[in-house]
Amino acid sequence: MSAIPADPAAATATITEEAVEAPRPPLPRRVKQRLTSRGATAAAIIIATLWTIPTFGLLVSSFRPEDSIQDSGWWTFLGDFQFTLANYADVLASGRSSSPNLGQYFINSLAIVIPATIFPLVIASMAAYIFAWGRFRGKDTLFIFVFALQIVPLQMALIPLLSLFINLKIGEFQLLPAGSYAQLWIAHTIFALPLAIFLLHNFISEIPNEVIEAARVDGAGHATIFWRIILPLSVPAIASFGIFQFLWVWNDLLVALVFSGGTADVAPITQRLAELTGTRGNEWHRLTAGAFISMIIPLAVFFGLQRYFVRGLLAGGLKG
């Protein structure tokens, strides 16, 4: 039997010391408690409300007639409710020069963004695996170099890269002709790779070493380990970066202006949205409808993959 302290104060001090020495909850649990507190919930609701108000105003304006948009703000729609689909019909079906048809450019954006999202994800996931589990001389130095490429401003690389595309020829045949999707795919892939490799490397390097060693003992090579172990376990991180890359490419205007050549066959929807306001910038009824159409695909992608979003962002950053 354990001895009972005769002095109640000593017993209290012993209990207090034991309570102080008790281990703290793991970091993920503490982070979850803070993110689910009442203050964090209230802050999230306020931020979501402020973030949603402009989108709601854009939606309301897209269904208002041109005269109403020019005369009053969207917040007056309750007192003077007017509804029309003419704005959407104008930007989707009109062939007038003052109102470009968005249908073709919508397809162009899909043709650009899908390969420009898949290519960097495939290349970056392979490179991240090699940097995390490969064994070759100079691996750390090369990884630091790739990581440092993130500090190079995108604007500095546009003209040299465009010049490289133009001069890339075999005889008189130009491998990457101007006004082609290929230039946009390669440009977006190059600009996305440094960050993609860095983020996926952080996730893949957290995979337990026992899993990789067990696969090697069973005779699995790098290809088998990558396709059957690394990729299935890395789905949250891949989906998370895929959302970012999709949104970046879909909303891009600068790279599109440089590499698309401005032709209607290749130009994305962002390039045509800039023309919807007209030569004098007074055709806001078309711009609101066109802008809301351009938001449909990004919203669908985000909500479809949102269950991977937070998991991928926190992957590798929390232990416990």
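Everything quoted here is computed from the prediction, not taken from an experiment.

A. Inspection of the overall build of the protein at higher detail. Scanning the protein for helices and strands turns up 16 helices and two strands. Expressed as a percentage of the 320 residues in the protein, the buried residues total 35%. Contacts in the protein between residues far apart in sequence, at least 24 positions, make up 70% of those at least 6 positions apart. Surface accessibility of the protein: about 19300 Å² in total, with carbon and sulfur atoms responsible for 67%.

B. Representation of helix α11 (residues 222-233) in the model. Under the 1.5 Å per step criterion, the end-to-end length of α11 is 15 Å for 12 residues, consistent within 8% with the ideal 16 Å. Buried residues of α11: Ile225, Phe226, Ile229, Ile230 and Leu231, and no others. Those residues of α11 that are buried are in contact with α6 (102-133), α9 (181-204), α10 (209-217) and α12 (235-250).

C. Summary view of the UniProt feature "transmembrane region" (unreviewed entry) in the protein. According to UniProt, the feature "transmembrane region" (unreviewed entry) maps to residues 39-60, 105-130, 142-165, 185-204, 225-250 and 287-305 in the numbering used here. Helix makes up 79% of residues 142-165 and strand 0%, whereas the separation of the span's terminal C-alpha atoms amounts to 25 Å.

D. Main features of the nonpolar core. Ranked by internal contacts, the top residues of the largest apolar core, which has 29 residues, are Trp133, Ile197, Ile204, Ile212, Ile225 and Ile230. The set of elements that each furnish at least two residues to this core consists of α6, α7 (139-148), α9, α10, α11 and α12. Broken down by element, this core gets its largest block of residues, eight residues, from α6. Beyond its immediate sequence surroundings of up to four residues, Ile230 is in contact with Tyr129, Trp133, Ile204, Ile207, Ile212 and Ile225.

E. Geometry of the packing of α6 against α11. One can describe the packing of α6 onto α11 by two numbers: an axis separation of 11 Å at closest approach and a directional angle of 105 degrees. Between α6 and α11, the angle is such that the two are roughly perpendicular. Between α6 and α11, the contacting residues are Ser125, Met126, Tyr129 and Trp133 on the first element and His222, Ile225, Phe226, Trp227, Ile230 and Leu231 on the second. Residues of the contact of α6 with α11, tallied by class, amount to eight nonpolar, two polar and no charged.

F. Representation of the side chain of Ser294 within the structure. Structurally, the position occupied by Ser294 is in helix α15 (residues 284-304). Contacts of Ser294, omitting those with residues within four sequence positions, involve Trp250, Ile269 and Leu273.

G. Inspection of the environment of Ile159 at higher detail. As for its position among the elements, Ile159 is in helix α8 (residues 154-167). Between the C-alpha atom of Ile159 and that of Val258, which follows or precedes it by 99 residues, the distance is 8.2 Å.

H. The arrangement of α15 in detail. Relative to the 30 Å expected for 21 residues at 1.5 Å per residue, α15 spans 30 Å between its end C-alpha atoms, a close match to the ideal helical length. The principal kink in α15, of about 30 degrees, is found at Ile296, preceding the proline Pro298 by one to four residues. All buried positions along α15 are accounted for by His285, Arg286, Leu287, Thr288, Ala289, Gly290, Ala291, Phe292, Ile293, Ser294 and Pro298. Contact partners of the buried residues in α15: α3 (38-62), α4 (66-71), α5 (86-93), α6, α12 and α14 (269-273).

I. Seen up close, the packing of aromatic side chains. What the rule picks out here adds up to 16 aromatic pairs. With 5.2 Å between their ring centres and 15 degrees between their planes, Phe63 and Phe83 make a pair best called stacked. One end of the pair, Phe63, is in the loop between α3 and α4; the other, Phe83, is in the loop between α4 and α5, with 20 residues separating them in the sequence. Look at Phe63 and you get partly exposed, because its relative accessible area is 22%. On the accessibility criterion, Phe83 (52% relative accessible area) is exposed.

J. Inspection of the pattern of salt bridges at higher detail. Overall, the coordinates contain two salt bridges when judged by the stated rule. Residues Arg216 and Glu213 are paired through a salt bridge, measuring 3.3 Å at the closest nitrogen-oxygen approach. Taken together, the residues Arg216 and Glu213, both in helix α10 and three residues apart, mark about one turn of the helix. For Glu213, a relative accessible area of 28% puts it in the partly exposed group. Each of Arg135, Glu213 and Arg216 takes part in one network of salt bridges that share partners.

K. Broad picture of a nonpolar patch on the surface. A contiguous nonpolar patch, built from Ile130, Phe136, Leu142, Phe145, Leu149, Ile151, Val152 and Met156 and spanning about 770 Å² of accessible area, is present on the exposed surface. Checked against the element boundaries, Met156 lands in helix α8. Among the residues examined, Met156 registers a relative accessible area of 57% and is labelled exposed.

L. Just the side chain of Thr288, in detail. Locating Thr288 in the fold gives a position in helix α15. Look at Thr288 and you get buried, because its relative accessible area is 9%.

M. Inspection of the packing of α6 against α7 at higher detail. At a minimum axis separation of 10 Å, α6 and α7 run at an interaxial angle of 140 degrees. Considering the angle they form, α6 stands oblique to α7. Here the hand of the crossing between α6 and α7 comes out left-handed. Taken together, the residues of α7 that come into contact with α6 (itself represented by Ile130, Phe131 and Ala132) are Lys139, Leu142, Phe143 and Val146. Looking at the contact of α6 with α7, its residues break down into six nonpolar, no polar and one charged.

The rules behind the values
- Residues numbered from 1 in each chain as written.
- Predicted model: local features only at pLDDT ≥ 70, side-chain atom pairs only at ≥ 80, totals over all residues.
- Heavy atoms only, no water.
- Helix = DSSP H or I, 4+ residues; strand = E, 2+ residues; numbered from the N terminus.
- Buried < 20%, exposed > 50% of the residue type's maximum accessible area, 1.4 Å probe, protein only.
- Contact = heavy atoms within 4.5 Å.
- Areas by Shrake-Rupley, 256 points an atom, 1.4 Å probe, with all protein chains shown as cover.
- Expected span 1.5 Å × (residues − 1).
- UniProt positions renumbered as here; feature names shortened; annotations may be inferred.
- Core = buried A, V, L, I, M, F, W, Y, C linked by side-chain atoms within 4.5 Å.
- Axes fitted to C-alpha atoms, helices over the stretch in contact; angles between N-to-C directions.
- Parallel < 35°, antiparallel > 145°, perpendicular 65-115°, else oblique.
- Nonpolar A, V, L, I, M, F, W, Y, C, P; charged D, E, K, R; others polar.
- Bend = angle between axes of the 7 residues up to and from the residue.
- Phe/Tyr/Trp six-rings, centres within 6.5 Å; stacked < 30°, edge-to-face > 60°.
- Salt bridge = Lys/Arg side-chain N within 4 Å of Asp/Glu carboxyl O.
- Patch = residues over 30% accessible without salt bridge, like charges linked within 9 Å, V, L, I, M, F, W, Y side chains within 5 Å.
- Left-handed = near helix turned anticlockwise from the far one by under 90°.

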